[in-house]
Each structure stands twice: as C-alpha cells, then as structure tokens.
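Here is what each chain is made of, one letter per residue.
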Amino acid sequence: MSLHWQRISVPFDYPVHFTRDVLAAANEVLVEAIARREPQRRHRLLAVIDGGVARAWPDVAARIADYVAAYRERLTLADAPLVVPGGERAKNEPAALERLQARLHALGFDRQSVVVVIGGGAVLDMAGYAAATVHRGVRVVRVPTTVLAQADSGVNVKNGVNAFGSKNFLGTFAPPFAVVNDREWLRTLERRDVAAGMAEAVKVAVVRDAAFFDWLEASAGELAAAAADRVAALVERSARLHLAHIADSGDPFELGSARPLDFGHWAAHKLEMLTAHRLRHGEAVAIGMALDAGYAVEVGMLAAAARDRLVRLLRALGLPTYDAALRLCGPGERPRILDGLAEFREHLGGELCVTLPTAIGCAVEVDAMREDVLGRVIDLLARGDAAS
Ligand SMILES: NC(=O)c1ccc[n+]([C@@H]2O[C@H](COP(=O)([O-])OP(=O)(O)OC[C@H]3O[C@@H](n4cnc5c(N)ncnc54)[C@H](O)[C@@H]3O)[C@@H](O)[C@H]2O)c1
Ligand SMILES: [Zn+2]
C-alpha cells in the first residue's frame with residue numbers, strides 16, 4: 001500500500017475598477033484590464049453584449065469598435081460583438097449558451113483571448129459559464145451594467161445557467177480576469193432593476209455591516225429616486241463587502257456548507273422558479289429576507305424592532321416583502337416554497353445551512369427551519385402586505 005497526498009494551490013487575483021465612461025477613448029481602464037498580464041502584446045477580444053444594453057445604448061457596438069481602433073497596437077476585435085438576450089432568458093435558454101460556445105469555436109478562441117461581457121447579472125453568468133467551459137477557461141473581463149451585477153454578482157467568482165427547472169444547476173467557480181464597474185450604464189436601467197440590485201446591498205449590510213445599514217436607511221429616499229451619486233456609493237460599498245468576503249472567508253469556492261452572504265436566498269431561488277422569473281432575483285431576495293427575518297423573530301433570535309427596520313428599509317427602496325407565490329401549494333396543501341429548503345440543502349452539499357440575522361450587522365447559521373413557523377410567518381407577511 002502506498003499513498004501520495006497531492007496538494008496544489010492556485011492563487012487568483014483580479015482587479016476591480018470603479019470608473020466612468022469605460023468606452024471613452026481617453027479612458028485606459030479597459031485596455032489596461034485586458035492587457036494587464038502581457039502589456040506589450042496585441043490582445044484578441046470578442047464583446048458579448050446584453051440585448052437590454054444594446055437597446056438602451058444603440059451605439060455600443062460602434063463605441064467598442066472606436067475604442068479598439070484607438071488602442072490598435074494592443075487590442076484587436078475577433079469579430080463583431082455578439083448580442084445575446086438580456087435577463088433570465090440568457091440563463092434559461094440553452095440556445096444562447098450554445099451560440100456563444102459555437103462562436104468561440106468558430107473564431108478559434110484560445111485561452112489567452114478575452115471575452116468582454118457587457119451586461120446584467122444573467123448575461124454575465126451565462127457568458128461566464130460559456131467562457132469557463134471553452135478550453136477549460138478563457139479569460140473574461142466583466143463590464144457589469146446593473147446595480148446588482150456591479151454590487152454583487154459581477155465582482156464574484158461564480159457563473160452558471162438554469163437547467164432542469166433548477167436555478168444555477170450548471171455552473172463553475174471561475175474568477176474573472178478583471179472587472180470594470182462603470183456607473184454610467186446604470187442611467188438607463190429600469191427603476192425596478194435599480195431597486196432589485198439594492199436588495200443585495202441591504203443583504204450584505206444586514207449580515208456584515210450595521211453602519212452601512214444605517215447609511216442605507218438615511219439615504220433611502222435618494223436611493224429610491226435613483227440619485228446617481230448615492231447609487232454609486234451603494235454599489236462600491238456593497239462590492240467591497242462582497243469582495244472582502246471572498247478574500248477573507250477562507251472558502252471562496254464554497255466547499256463547506258456555510259453561505260453567510262446567501263441570507264434570504266433559499267426562498268429567493270425557489271420564488272424565482274415558482275414565479276417563472278416574474279420576480280427579479282433582487283426582488284425575490286427582498287422577500288426571502290423578510291421571510292427569514294420574520295422567522296428569526298418567531299424563534300426568538302432577533303428583536304422584532306430589527307426586523308421592522310429591515311422591512312421598512314426594503315419598502316422604502318421600492319422592494320416587495322411578500323408575494324402570493326409564497327402561498328402556492330402542492331399536493332397535500334403543502335406550500336411549495338418549503339421545497340426550497342430541500343433544494344438549497346442539495347445545492348450546499350447535503351447539510352442545510354441557513355443564515356439568520358441576530359441583530360442588524362450580525363448573523364448566525366442554523367441547520368434546520370421549522371415548517372410550521374415558516375407557515376405562520378408567511379401568513380404574517382401576507383397580512384402586513386394587505387395592510388400596507
Ligand atoms: N454569480 C453570482 O455570484 C450571482 C450573484 C447574485 C445574482 N446572480 C444572478 O444575477 C442575475 C440577476 O442579474 P441582474 O439583477 O443584473 O438582472 P438581469 O441580468 O436579469 O437584467 C435585468 C434587465 O436589465 C437589462 N439591462 C441590463 N443592463 C442594462 C442597462 N444598463 N440599461 C438598461 N437595461 C439593462 C437586461 O437586459 C434585463 O432585461 C440572476 O440570474 C442571479 O441569479 C449571480
Ligand atoms: Zn443574490
């Protein structure tokens with residue numbers, strides 16, 4: 001008998017830029033991001049553009065071409081930009097993923113070519129997954145264009161698509177080559193999407209940063225009005241908290257069961273599927289947080305006043321705290337939302353681990369939730385919704 005214990009470690013590092021007018025010829029952030037490892041070489045890139053972005057910014061392809069022309073010694077376009085459907089469709093329809101993989105194949109993409117993805121969280125997730133599977137990983141420079149993607153998903157190390165009726169069933173851990181957050185994109189977002197993205201900032205404030213929560217409360221009026229400076233400040237603080245978690249948690253690729261930044265997410269993922277994505281991810285997260293905070297109060301872990309602050313903040317930001325889908329029942333009158341717990345457990349790896357707040361800024365993990373208590377909290381949320 002013999003044993004060899006193999007140990008390898010692969011350090012990842014990537015820059016996250018906060019800038020404005022990323023495609024202005026005078027702005028070198030993007031070219032520096034793409035060429036950061038081999039500054040002398042010419043880099044081949046394909047831009048993948050969210051259909052919603054292409055609609056709101058009709059000159060985006062021309063601006064990319066001008067930008068690349070301005071840096072022709074360092075950049076070259078492999079092809080015209082590929083516009084893909086925006087929103088959850090990008091993750092639901094296998095055709096979008098296959099089209100991108102096929103294009104990368106046809107273009108002879110190699111592992112040092114760069115996919116520059118300009119879009120919301122859904123397009124970034126899909127394109128990131130495509131890129132991670134081509135040659136086992138080609139470089140991705142993310143240019144997130146929504147509040148959610150700039151504040152959370154775009155600076156993260158995950159990607160994925162929905163499959164077999166399960167949210168993010170297929171996906172990989174693949175840190176980006178670089179991230180460029182440009183607040184100008186946010187100007188054309190629907191109000192609904194601005195609010196949805198703020199839910200992730202509220203989430204990270206509740207579990208990690210009471211001072212940030214205070215700031216969100218104090219700024220709620222301006223945030224709800226999408227005041228650009230306030231939204232940019234929210235984005236940067238939230239992004240930095242998410243980045244700190246990835247760097248410092250000791251488990252960036254989620255090998256253990258704990259998911260401290262997934263507060264509100266077991267129900268959120270289920271709600272997104274139950275509503276066939278009528279609810280945006282951030283909206284579902286807001287409802288999931290109201291549910292889990294309500295649960296924490298019912299089991300004596302959280303003061304009712306703290307839950308009330310959270311619910312008031314979510315509403316002030318224009319976010320929902322209840323949806324009728326919470327009461328959709330399956331066989332035996334069992335609320336289907338409860339299946340979200342088992343699905344979350346499966347996603348984690350067998351052991352349930354749900355983050356619940358114990359105060360604003362503090363959270364703990366629990367390994368079980370009582371279904372009768374959840375049922376009661378859903379009734380309370382429904383009544384609160386009807387009263388408001
Ligand atoms: N990978 C991760 O770690 C992670 C974390 C959180 C969320 N997510 C995923 O992110 C997705 C949600 O992302 P999202 O909230 O960015 O929404 P989204 O990607 O669904 O985009 C929402 C809508 O906005 C449009 N859009 C995007 N940018 C625009 C712009 N600048 N102007 C006008 N319209 C624009 C899109 O076309 C779409 O119609 C979900 O699939 C969620 O699961 C992933
Ligand atoms: Zn989320």
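Residues numbered from 1 in each chain as written. Chains lettered and ligands numbered in written order. Predicted model: local features only at pLDDT ≥ 70, side-chain atom pairs only at ≥ 80, totals over all residues.

1. A few points about the overall build of the chain
So, point 1. For the chain, the helix and strand inventory stands at 15 helices and 11 strands.
So, point 2. For 388 residues, the compact-globule estimate of 2.2 N^0.38 gives 21 Å, and the C-alpha radius of gyration of the chain, at 21 Å, lies within 12% of that figure.
So, point 3. The principal-axis extent of the C-alpha atoms belonging to the chain is close to 65 × 65 × 35 Å.
So, point 4. Relative to its full complement of 388 residues, the chain shows a buried share of 46%. (Helix = DSSP H or I, 4+ residues; strand = E, 2+ residues; numbered from the N terminus. Rg over C-alpha atoms; globule rule 2.2 N^0.38 Å. Buried ≥ 20, exposed ≤ 12 C-beta atoms within 10 Å, placed from the backbone.)

2. Some points on the site of ligand 1
So, point 1. Gly52, Gly86, Gly120, Gly121 and Ser153 are the nearest of the 33 residues found near ligand 1.
So, point 2. Listing elements by their share of the shell around ligand 1, those giving two or more residues are helix H2 (51-56), helix H6 (121-133), helix H7 (147-151), helix H8 (191-208) and helix H12 (281-298).
So, point 3. Residues belonging to the shell around ligand 1 are distributed by class as follows: 9 nonpolar, 16 polar and 8 charged.
So, point 4. Here the shell around ligand 1 spans two domains, and each of domain 1 (16-188) and domain 2 (206-387) adds at least three residues to it. (Near = placed C-beta within 6 Å. Nonpolar A, V, L, I, M, F, W, Y, C, P; charged D, E, K, R; others polar. Domains from an automatic or database assignment.)

3. Some remarks on the pairing of strand S10 (residues 354-359)
So, point 1. As defined by bridge partners, S10 adjoins strand S11 (residues 362-366) across 5 bridges and the pair is classed as antiparallel. If you follow valine 354 over to S11, its bridge partner there is valine 366.
So, point 2. Counting the residues in the hairpin turn of S10 and S11 gives 2 residues, including glycine 361, whose phi is positive at 100°. (Pairing = 2+ DSSP bridges.)

4. Thoughts on the nonpolar core
So, point 1. Ranked by size, the top nonpolar core spans 119 residues in total, and within it Val115, Val117, Met126, Ala127, Val141, Met198 and Ala290 carry the most contacts.
So, point 2. Counting only domains with at least three residues in this core, you end up with domain 1 (16-188) and domain 2 (206-387).
So, point 3. Contact partners of valine 117, with chain neighbours within four places excluded, come to Val48, Val123, Leu124, Ala127, Gly128, Val140, Arg142 and Val143. (Core = buried A, V, L, I, M, F, W, Y, C linked by C-beta atoms within 7 Å. Contact = placed C-beta atoms within 7 Å.)

5. Some remarks on helix H11 (residues 265-274)
So, point 1. Summarising burial for H11: 10 of the 10 residues are buried, a large majority.
So, point 2. Of the residues flanking the end of H11, it is alanine 276, one or two places downstream, whose phi is positive at about 50°.

6. A short note on the domain arrangement of the chain
So, point 1. Domain boundaries assigned for the chain yield domain 1 (16-188) and domain 2 (206-387).
So, point 2. Spacing between the C-alpha centres of domain 1 and domain 2 amounts to 28 Å.
So, point 3. Taken residue by residue, the interface counts 19 residues in domain 1 and 20 residues in domain 2.
So, point 4. At the level of elements, strand S1 (16-19), H7 and strand S8 (166-170) are the ones that each hand at least two residues to the side of domain 1 that touches domain 2.
So, point 5. Split into classes, the residues belonging to the side of domain 1 that touches domain 2 amount to 9 nonpolar, 6 polar and 4 charged.

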